[in-house]
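# Remarks on the overall topology
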Amino acid sequence: MLKVEIDPGSGFCGGVIRAITHAEDFLAMGDRLYSLGAIVHNEAELSRLQQRGLVTVGSLQEVPEGEAVLIRAHGEPPATYQSARERQLKVIDCSCPVVLQLQRSIREAYARLHQDGARGQVIIFGRVGHAEVLGLLGQVEGDALVVENRKMLEETMGQLDFSQPIEIFSQTTKSPREYQEICDVLRQRGARLTVHNTICAQVASRHEKLAQFAQTHDVILFVAGKSSSNGKVLSDLCRSVNPRTYLVNSAAQIEAGWFRSGQSVGVCGATSTPKWLLEEVAYAVRCLD
């Protein structure tokens, strides 16, 4: 008989819970609500919310004038708010407080680094094109270097002026270990570096606990949406300590051949994975016996 356990620390982070709660409350009043981009990077949860009336759009131009638009937890650049005002849209701002603080910190750092004609530089450790990173770049009109990993940093090192101070920030959902590695490389190159601890504390603590969870089970099912950046980071973490880690989007992707009778199976997920989906996957595994 398979022993199945759901990781108690997995599931939506506080920022995502806040955004979805606001969306559900607004939709419950019978009003139309447009989400600027996917409110959460999970296809199953998006489908559930769409059935309630949430409409996902790729730009503000798709929102009829005077309607309500939701700013998701990832945050947006200042230009988005300006455009919304010009189109007389009602803004439901669900930007995560942690992201808003990071945006403020980047603006302040940029101002410091360019005082009195100085030419200091801002680096953002994050995924190129990610919604949160685009919002961060918007705080400094795009004048920052984005690096996804050590390889990208090495390739773009020529863009850095090591005679000037550098301040580095991380996307809130990145790996603390990889962030440390990036900072170490810069220090080794002689950078006058100021490191800002901007990884969400809830996300950072999840890394260590999730690694322990993965080590204590024979098989790990990591549940995440295809487009979840956090899901990629955390599933890779699980696989690094437990090679028998399988990334699935739903219960339909589970294969009976992954398990043997008597094994322990751990079910866990990203900050964008709803609890109901984790429970659905765990139930499907139990039904294999």
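This structure is a prediction, so every number in the text was calculated from the model and none was measured.

## What about the overall build of the chain?
Along the backbone of the chain there are 10 helices and 12 strands. Taken over the C-alpha trace, the chain has a radius of gyration of 21 Å; the compact-globule value for 289 residues is 19 Å, and the two agree within 12%. Seen along its three principal axes, the alpha-carbon backbone of the chain occupies a region of about 70 × 55 × 25 Å. Sorting the 289 residues of the chain into buried and exposed places 53% on the buried side. Accessible surface, the chain: about 13400 Å² in total, of which carbon and sulfur atoms supply 50%. Of the charged side chains in the chain, 30 are positive and 33 negative; the average position of the first set lies 3 Å away from that of the second.

## Brief notes about the packing of helix α4 (residues 97–113) against helix α5 (residues 131–138)
Viewed as axis vectors pointing N to C, α4 and α5 meet at an angle of 35 degrees, and their least axial separation amounts to 9 Å. Of the two possible hands of crossing, α4 and α5 adopt the one that is right-handed. On α5, the residues that touch V99, L102, Q103 and I106 of α4 are E132, G135 and L136. A breakdown of the residues in the contact of α4 with α5 according to their chemical character gives 4 nonpolar, 2 polar and 1 charged.

Cut-offs and rules
- Residues numbered from 1 in each chain as written.
- Predicted model: local features only at pLDDT ≥ 70, side-chain atom pairs only at ≥ 80, totals over all residues.
- Heavy atoms only, no water.
- Helix = DSSP H or I, 4+ residues; strand = E, 2+ residues; numbered from the N terminus.
- Rg over C-alpha atoms; globule rule 2.2 N^0.38 Å.
- Buried < 20%, exposed > 50% of the residue type's maximum accessible area, 1.4 Å probe, protein only.
- Areas by Shrake-Rupley, 256 points an atom, 1.4 Å probe, with all protein chains shown as cover.
- Lys, Arg positive; Asp, Glu negative; His and termini not counted.
- Charge placed at Lys NZ, Arg CZ, Asp CG, Glu CD.
- Axes fitted to C-alpha atoms, helices over the stretch in contact; angles between N-to-C directions.
- Left-handed = near helix turned anticlockwise from the far one by under 90°.
- Contact = heavy atoms within 4.5 Å.
- Nonpolar A, V, L, I, M, F, W, Y, C, P; charged D, E, K, R; others polar.

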